[in-house]
Amino acid sequence: MSDRFYMQMVQATGWAPGYKNTSTIEEYKSRFGSTKRRKSMSWTDEKKQEVIDMYVGEEPTPENSMEIVADIAEQVEESPNGVRMILTKAGVYVRKTPAAKSSGGSGGGGRVSVADAQSSLTNALNDAGQEVDSAIVSKLTGKAAVYFTTIVNNLNN
């Protein structure tokens, strides 16, 4: 059952079966201000423009943009996500630059064809004047072949 049910029972009869909280309606109101939820007000055009002007006036950068939004949200008594939404729709929000994605490995980027990687390793070894054992090269994965190709090319240069 919800708190509302228990609060109505406590208010009407003074008790409720299974109700764990011993506080009364008055104690609840004094603690939380009211038994009703705060109704959020819709964004007016004036309020949107005020938020946009406040944001632009702070001269945001990618490093401090989130803090500025949090401060503005506190001043206008709205959620930071709501303020960010208004700023994004207006086209003035400065996003934080995302971190570079890690490829998970130390070599190269993206997928490579195993056959292409093995042939490039074979070519690099031939350019270095080394004898190529095709049985070993054929067992290498694409990433391993790219890795060894990079090493051999660096040694050649």
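Residues numbered from 1 in each chain as written. Predicted model: local features only at pLDDT ≥ 70, side-chain atom pairs only at ≥ 80, totals over all residues. Heavy atoms only, no water.

J.: Help me out: how do you make sense of the overall build of the protein in this one?
T.: Regarding its fold elements, the protein presents 8 helices and 0 strands. Its helices and strands in sequence order give the protein the pattern α-α-α-α-α-α-α-α, from N to C terminus. Expressed as a percentage of the 157 residues in the protein, the buried residues total 24%. Sequence-distant contacts, at least 24 apart, represent 52% of the contacts inside the protein between residues at least 6 apart. Roughly 12,100 Å² of accessible area belongs to the protein as shown, and the carbon and sulfur atoms make up 51% of that amount. (Helix = DSSP H or I, 4+ residues; strand = E, 2+ residues; numbered from the N terminus. Buried < 20%, exposed > 50% of the residue type's maximum accessible area, 1.4 Å probe, protein only. Contact = heavy atoms within 4.5 Å. Areas by Shrake-Rupley, 256 points an atom, 1.4 Å probe, with all protein chains shown as cover.)

J.: Can you help me understand helix α6 (residues 114-127) in this one?
T.: The α-helix advances 3.6 residues per turn, and as a result positions three or four apart in sequence lie on the same side. The end-to-end C-alpha distance of α6, which contains 14 residues, comes to 20 Å, matching closely the 20 Å that a straight helix rising 1.5 Å per residue would cover. Within α6, the full set of buried residues consists of A117, Q118, L121, A124 and L125. Buried residues of α6, viewed axially, fall in a sector of 120°; they line one side. In α6, the exposed positions that point more than 90 degrees away from the buried face belong to A115 and D127. (Expected span 1.5 Å × (residues − 1). Arc of directions from axis to C-beta.)

J.: Could you clarify how one ought to interpret helix α3 (residues 45-57) in this entry?
T.: Look at α3: 18 Å from first C-alpha to last across 13 residues, which is about the 18 Å you get at 1.5 Å a residue. Of the surrounding elements, those touching the buried residues of α3 are α4 (65-76) and α5 (80-90). Among the residues trailing α3, E59 stands out with phi positive, at a value near 50°.

J.: For this particular structure, what's the right way to read the nonpolar core?
T.: Formed by 13 residues in total, the largest nonpolar core has its most connected members in V51, Y55, V69, I72, V83 and L87. Within the residue set of this core, elements represented by two or more residues are α3, α4 and α5. Ranked by residues supplied to this core, first place goes to α4 with 5 residues. Residues in contact with L87, not counting those within four places in the same chain, are V51, I52, Y55, V69, V92 and Y93. (Core = buried A, V, L, I, M, F, W, Y, C linked by side-chain atoms within 4.5 Å.)

J.: I keep staring at the packing of aromatic side chains and nothing clicks. Help me out?
T.: For any two aromatic rings, the description comes down to two numbers: the centre-to-centre distance and the angle of the planes. Using the criterion set out here, one finds 2 aromatic pairs in the structure. With 5.4 Å between their ring centres and 65° between their planes, Y147 and F148 make a pair best called edge-to-face. The partly exposed category is assigned to F148, whose relative accessible area is 36%. Seen from the ring of W43, K47 lies directly overhead, with NZ or CZ sitting 5.2 Å from the centre. (Phe/Tyr/Trp six-rings, centres within 6.5 Å; stacked < 30°, edge-to-face > 60°. Lys NZ or Arg CZ within 6 Å of the ring centre and 35° of its normal.)

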